[in-house]
Amino acid sequence: MILEIVKYPDPVLRKVAKPVEKVDAEIQRFIDDMYETMYAAPGVGLAAPQVAVSKRILVIDVGLLEKDDQGRETHKPDPKAIINPIITIQEGKILWDEGCLSLPQLVVPMERSKKIVVEGLGRDGKKVKYPGEDLLAVAFQHEIDHLDGKLIFDKISRLKQDLYKKKLERHERYQQEEIEHGSGPTYVG
């Protein structure tokens, strides 16, 4: 089932998510729904608070590049779910332009660790350990920030925050006008 992705400034995005006490069938179904939601968005990562559930769960799929029999690169899915994730190793630095499903139309250059190791529980409740580099490392760090109530929005200047808020307000007003008056403007010419 595709879940609704909450958008800034929803307060759930600012809460520190609670650890999962027990991995059961309900949690496993929720993880499956998170995957479906992430793929439909489309995104490469999703944290539970982004679908209004304040639990320490995230899903990621940055894919794998493999070569086929003719030497052509192909993209293969590589989904990862982590419950109660913690970063145990961080090395190096990388600058990455990050977007966020909960902050539409905002891209922020973020300095992150280039290599990391994340540990936690997998969908089956067993311990997992994932090394990550470049995009995978960035995605893990971004989603773990969500679990801690942190957003890429926090890293931009006050002026850019105000401009983004005004952009959201204009977008919301435009959507409300469409609802009240039918579809948007008709352009001729």
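About the thresholds
Residues numbered from 1 in each chain as written. Predicted model: local features only at pLDDT ≥ 70, side-chain atom pairs only at ≥ 80, totals over all residues. Heavy atoms only, no water. Pairing = 2+ DSSP bridges. Helix = DSSP H or I, 4+ residues; strand = E, 2+ residues; numbered from the N terminus. Axes fitted to C-alpha atoms, helices over the stretch in contact; angles between N-to-C directions. Contact = heavy atoms within 4.5 Å. Salt bridge = Lys/Arg side-chain N within 4 Å of Asp/Glu carboxyl O. Buried < 20%, exposed > 50% of the residue type's maximum accessible area, 1.4 Å probe, protein only. pLDDT = per-residue confidence, 0-100. Core = buried A, V, L, I, M, F, W, Y, C linked by side-chain atoms within 4.5 Å.

## Digging into the pairing of strand β3 (residues 64-67)
Okay, so step 1: Two elements, β3 and strand β4 (residues 73-76), share 4 bridges in a ladder whose sense is antiparallel. Bridge assignment links Lys67 to a residue of β4, and that residue is Glu73.
Okay, so step 2: With antiparallel pairing between neighbouring strands as the criterion, β3 and β4 make up a hairpin whose turn holds 5 residues, including Gly71 at a positive phi of roughly 85 degrees.

## Quick word on the sheet that holds strand β8 (residues 115-121)
Okay, so step 1: In spatial order, the strands read β1-β2-β5-β8-β9; together these 5 strands make up an open sheet with antiparallel pairing. With one partner strand each, in any of the chains shown, β1 (45-47) and β9 (127-133) form the two edges of the open sheet. The average undirected angle you get between the axes of adjacent strands in this sheet is 35 degrees.
Okay, so step 2: As paired elements, β8 and β9 share 7 bridges and run antiparallel to each other. Counterpart to Val118 in the pairing with β9 is Tyr130.
Okay, so step 3: Set on the sheet, helix α2 (residues 135-147) makes contact with β1, β2 (57-60), β5 (80-91), β8 and β9; between it and β2 the angle comes to about 155 degrees.

## Points about the pattern of salt bridges
Okay, so step 1: Under the counting rule described, the total for this entry stands at 7 salt bridges.
Okay, so step 2: Here Lys114 ties to Asp134 by a salt bridge, and the two come within 2.4 Å at their closest N and O atoms. You can see Lys114 sitting in the loop between β7 (103-112) and β8 and its partner Asp134 sitting in the loop between β9 and α2, a full 20 residues away along the chain.
Okay, so step 3: Take Asp134: its relative accessible area is 26%, and that puts it in the partly exposed class.
Okay, so step 4: Here the residues in one salt-bridge network are Glu98, Arg112 and Asp145, joined through shared partners.

## A few points about the confidence of the model for the protein chain
Okay, so step 1: For the protein chain, the average pLDDT comes to 91, and 93% of its residues sit at 70 or higher.
Okay, so step 2: Between residues 184-189, whose pLDDT stays under 50, and residues either more than four places distant or in other chains, the model counts 3 contacts.

## Focus: unusual backbone geometry
Okay, so step 1: In the segment running from Tyr8 into Pro9, the intervening peptide bond is cis, with an omega of 15 degrees.
Okay, so step 2: Here Pro9 lies in the segment before α1 (25-40).
Okay, so step 3: The linkage connecting Ala41 with the following residue, Pro42, adopts the cis geometry, with an omega of -15 degrees.
Okay, so step 4: One non-glycine residue, Ala52, lies in positive phi territory at about 65 degrees.
Okay, so step 5: Summarising the element assignment, Ala52 is placed in the loop between β1 and β2.
Okay, so step 6: Although it is not a glycine, Asp134 adopts a positive phi angle of roughly 55 degrees.

## Focus on the nonpolar core
Okay, so step 1: Counting residues in each nonpolar core, the largest one holds 16 residues, and the members touching the most others are Phe30, Ile31, Met34, Leu46, Val51, Ile57 and Val59.
Okay, so step 2: Listed by contribution, the elements that provide at least two residues to this core are α1, β2 and β5.
Okay, so step 3: In terms of residue count, α1 provides more of this core than any other element does, 6 residues in total.
Okay, so step 4: In this structure, Val118, Val128, Ala137 and Phe140 belong to the second largest nonpolar core, which totals 15 residues.

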